[in-house]
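Residue-level listing of the chains:
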Amino acid sequence: MSKHSKRKSQDGIRFIIWADDQGRIRKFELSGHAGYADSGQDIVCAGISALSIAASNGLEHFLSVAPILQEADGHLTCELVGIPEQELEKAQWILQTMTLGIEQIHATYGQDYIFIDRRRWTPC
């Protein structure tokens, strides 16, 4: 039995995307650990972490209103609040690129390591 088949049932990264009625991503959340390999050797976790951190950094750098970020071990939430409409459209390039990368990792390594959930975003 390979080490990949020994994974624990609680392992896995959950990627939640909230999109508005126009399909624009307004918030994303990543939580958990892939469990593909030992810590420090897990290429699934590393790839998803690199994509999400790069997206968050890009949004902070290029938008006039920084996204609301919450970070903890194994958890990242990024929400766009108060972003001018024109910048919200530009932010989609970053967010959709991150999403495409994560979806490709999901397609390559399987749903045992990453779970993707899409939800409808509604302003409060």
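Note that the coordinates shown come from a computational prediction; the quantities given were computed from them, not determined experimentally.

Novice: Could you give an account of the sheet that holds strand β2 (residues 25-33), with specific residues and numbers?
Specialist: Judged by pairing direction, the sheet is mixed, and its 5 strands sit side by side in the order β3-β4-β2-β1-β5 without closing on themselves. Every interior strand has two partners, whereas the edge strands, β3 (68-72) and β5 (114-120), have only one. With strand direction ignored, the average angle separating the axes of adjacent strands in the sheet is 10°. Note: strand β1 (residues 12-19) against β5, 7 bridges, orientation parallel. Its bridge partner lying in β5, I16 is registered against D117. The strands that helix α1 (residues 43-62) touches are β1, β2, β3, β4 (75-79) and β5; relative to β2, the one it contacts most, it runs at about 145°.

Novice: Please give an account of the environment of A37 that cites residues and values.
Specialist: Positionally, A37 belongs in the loop between β2 and α1. Judged by its relative accessible area of 16%, A37 is buried. Considered as a pair, A37 and E85 are 48 residues apart in the sequence and their alpha carbons are 41 Å apart.

Novice: Pulling in residues and values, what's your account of helix α2 (residues 85-109)?
Specialist: Compared with an ideal rise of 1.5 Å per residue, which puts 25 residues at 36 Å, α2 spans 36 Å between its outermost C-alpha atoms and is within 8% of the ideal. Of the residues making up α2, those classed as buried are E87, L88, A91, Q92, L95, M98, T99, I102 and I105. Against the buried residues of α2 lie β1, β2, α1 and β5. Backbone geometry just after α2 places G110 at a positive phi near 100°.

Novice: How would you explain the nonpolar core if you had to name every residue and give the values?
Specialist: Counting 27 residues, the largest nonpolar core has F15, F28, I48 and L80 as the members making the most contacts within it. When residues of this core are traced back to their parent elements, those giving at least two are β1, β2, α1, β4 and α2. Looking at this core element by element, the count peaks at 6 residues for α2. If we skip the residues at most four places from it in the chain, I48 touches I13, L30, I102, I105 and I114.

What counts, and where the lines are drawn
- Residues numbered from 1 in each chain as written.
- Predicted model: local features only at pLDDT ≥ 70, side-chain atom pairs only at ≥ 80, totals over all residues.
- Heavy atoms only, no water.
- Pairing = 2+ DSSP bridges.
- Helix = DSSP H or I, 4+ residues; strand = E, 2+ residues; numbered from the N terminus.
- Axes fitted to C-alpha atoms, helices over the stretch in contact; angles between N-to-C directions.
- Contact = heavy atoms within 4.5 Å.
- Buried < 20%, exposed > 50% of the residue type's maximum accessible area, 1.4 Å probe, protein only.
- Expected span 1.5 Å × (residues − 1).
- Core = buried A, V, L, I, M, F, W, Y, C linked by side-chain atoms within 4.5 Å.

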